[in-house]
Amino acid sequence: MTKFTYDSLQVEQQLADYTFEPINRTTLALFAGASGDVNPIHIDIDFAHEAGFDDVFAQGMLIMAYLGRALTHWFPQTDIKEFGVRFVAITKLFDEITCKARVTEKFERAGEKCARLELQAITKNHEVKLTGGAIVGLP
Amino acid sequence: MVDISHIGKEWNIPPAPVEAGRIRFFSKAIGETDPVYYDDEAARAAGYRGLLAPPTYAMTLEIDQLDPIQMLSGIDIDISTILHGEQKFKYHLPICAGDVISSVVCVKDVYDKKKGAMTFVEVNTSLYNQDKQLVVEAMRIIIVMNNKVNNQ
């Protein structure tokens, strides 16, 4: 894990992208069991068809969890103070998600040095699936 | 149209243990690799009481204890008509395996958007540990697609 400090991190700095393996049915099945999001729309193709979809699709929280995992790659988890996302578009089977982060602000809050990040989860074709942000404390 | 009289409705989730095996399963499912998510000794060496729960795990703790389908039908929403619009977490303290977490889930606001095509439902959850410390605050926006509701 890279060790960023308040001084070393620059506003407008783009952190190194973090990319996941393409999502497959196993990914969705395991995340359903592990996360408790067992909505059949994500794991049962017959249910998905009946609901009018071509196929199952990813839980939004899987992609948020991926962004969270990228955050813990960039920063120690206990330094993450806030993390939020907007679910923009459905992530489909075989999408390959890349997590991106850009520093938008450095500031002090309650005597602690922090950075605000703008986050995105996008596919190989640059389709934006999630947008979001985080606030991290920095040494 | 979601009834605005549901604003203020609360569910109290009684204490439930945070389980190490489930944290390992969840961590593996999302590609975490750090030993603090898998190995008790590594977690303790890093200063945690037990395995560290990853950043979005608070949602799992909530849905394990409060079935989303039941919760939504308690405010007259059918799960087949909704989208998850937003999700946010504010972190105060780590959640670790061995902790016992209780929560309060509350409907904060209900409002229409796009001339009534959608209804936004804001749900807040406060999670507390065994020492009654506030550990995580979660906020989500559930979007009800009213055309789907009307088509039922």
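Preceding this paragraph is the structure being described.
Source: prediction; values computed, not measured. Each chain has its residues counted from 1, following the order in which its sequence is written. Each chain takes a letter, starting from A, and each ligand takes a number, starting from 1, following the order in which they are written. Only residues with pLDDT of at least 70 get local features here, since the model is predicted, and only at 80 or more are side-chain atom pairs given and counted; chain-wide, interface and lining totals rely on the full set of residues. To get the side-chain values, all heavy atoms of the structure are used, and hydrogens and water are removed first.

1. Concerning the side chain of Ser103(B)
All names here are of chain B.
(1) Moving on: A run of DSSP states H or I qualifies as a helix once it reaches four residues; a run of E qualifies as a strand once it reaches two. Both are numbered from the N-terminal end. With respect to the helices, strands and loops of the structure, Ser103 is situated in strand 3 (residues 100-113).
(2) Moving on: Three labels apply to residues, based on accessible area from a 1.4 Å probe with only protein chains included: buried if under 20% of the type maximum, exposed if over 50%, partly exposed otherwise in between. Judged by relative accessible area, Ser103 falls into the buried class, the value being 5%.
(3) Moving on: Contact definition: two residues touch when any of their heavy atoms are within 4.5 Å. Among residues more than four places away in sequence, those in contact with Ser103 are Trp11, Asn12, Ile13, Thr125, Ser126 and Leu127.

2. Concerning the pairing of strand 5 (residues 134-145) of chain B
All names here are of chain B.
(1) Moving on: With 10 of its 12 residues buried, strand 5 lies for the most part within the structure.
(2) Moving on: At least two DSSP bridges between two strands are needed for those strands to be called paired. The pairing of strand 2 (residues 82-91) with strand 5 spans nine bridges and is antiparallel. Residue pairing across strands places Lys90 opposite Glu137, the latter belonging to strand 5.
(3) Moving on: Bridging between strand 4 (residues 118-128) and strand 5 involves 11 bridges; their strand directions are antiparallel. Across the sheet, Glu122 pairs through a bridge with Ile141, a residue of strand 5.

3. Examining helix 1 (residues 20-29) of chain B
(1) Moving on: Listed as buried for helix 1 of chain B are Arg22(B), Ile23(B), Phe26(B), Ser27(B) and Ala29(B). Take helix 1 of chain B and look down its axis: the buried residues cluster within an arc of 160°, on one side only. Each C-beta atom gives one direction from the helix axis, and the arc is the one those directions make.

4. A look at the environment of Thr5(A)
Residue and element names in this part refer to chain A.
(1) Moving on: Tracing the chain through its elements places Thr5 in the segment before strand 1 (18-19).
(2) Moving on: When the C-alpha positions of Thr5 and Leu138 are compared, they lie 5.3 Å apart, and in sequence the two are 133 residues distant.
(3) Moving on: In contact with Thr5, not counting residues within four places along its chain, are Leu138 and Pro139.

5. Re the packing of aromatic side chains
(1) Moving on: Pairing of aromatic side chains here covers Phe, Tyr and the six-membered ring of Trp, requires ring centres within 6.5 Å, and sorts the geometry by plane angle: under 30 degrees stacked, over 60 edge-to-face, intermediate tilted. Going through the model one piece at a time under the given rule, you end up with eight aromatic pairs over all chains.
(2) Moving on: With a centroid separation of 3.8 Å and an interplanar angle of 5°, the aromatic rings of Phe20(A) and Tyr66(A) are classed as stacked. Within this pair, whereas Phe20(A) is found in the loop between strand 1 and helix 1 (25-35), its partner Tyr66(A) is found in helix 3 (residues 60-74), the two being separated by 46 residues in sequence.
(3) Moving on: The buried category is assigned to Phe20(A), whose relative accessible area is 8%.
(4) Moving on: Their ring planes at 85° and their centres at 5.1 Å tell us that Phe26(B) and Tyr57(B) sit as a pair that is edge-to-face. Of this pair, Phe26(B) sits in helix 1 while Tyr57(B) sits in helix 3 (residues 57-65); the two residues are 31 residues apart in sequence, bridging distant segments of the chain. Judged on exposure class, the residue Phe26(B) and its partner Tyr57(B) are both buried.
(5) Moving on: Taken together, the ring pairs connect Tyr18(A), Phe20(A) and Tyr66(A) into an aromatic cluster.
(6) Moving on: Its end group placed over the ring of Tyr6(A), Lys106(A) keeps NZ or CZ at 4.8 Å from the ring centre.
(7) Moving on: Taking the ring centre of Phe120(B) as reference, the NZ or CZ of Lys113(B) above it sits at 5.3 Å. Only lysine NZ and arginine CZ atoms are considered, and such an atom sits over a ring when it is within 6 Å of the ring centre and within 35 degrees of the ring normal.

6. Considerations on the nonpolar core
(1) Moving on: The set of buried Ala, Val, Leu, Ile, Met, Phe, Trp, Tyr and Cys residues whose side-chain atoms join them within 4.5 Å is what this entry labels a nonpolar core. Grouped together as the largest cluster of nonpolar side chains are 68 residues, with contacts concentrated most on Trp74(A) and Phe75(A).
(2) Moving on: With 10 residues, helix 3 of chain A is the largest single contributor of residues to this core.
(3) Moving on: Core analysis: the next-biggest nonpolar cluster, separate from the first, contains 14 residues, Trp11(B), Met71(B), Leu72(B) and Ile142(B) among them.

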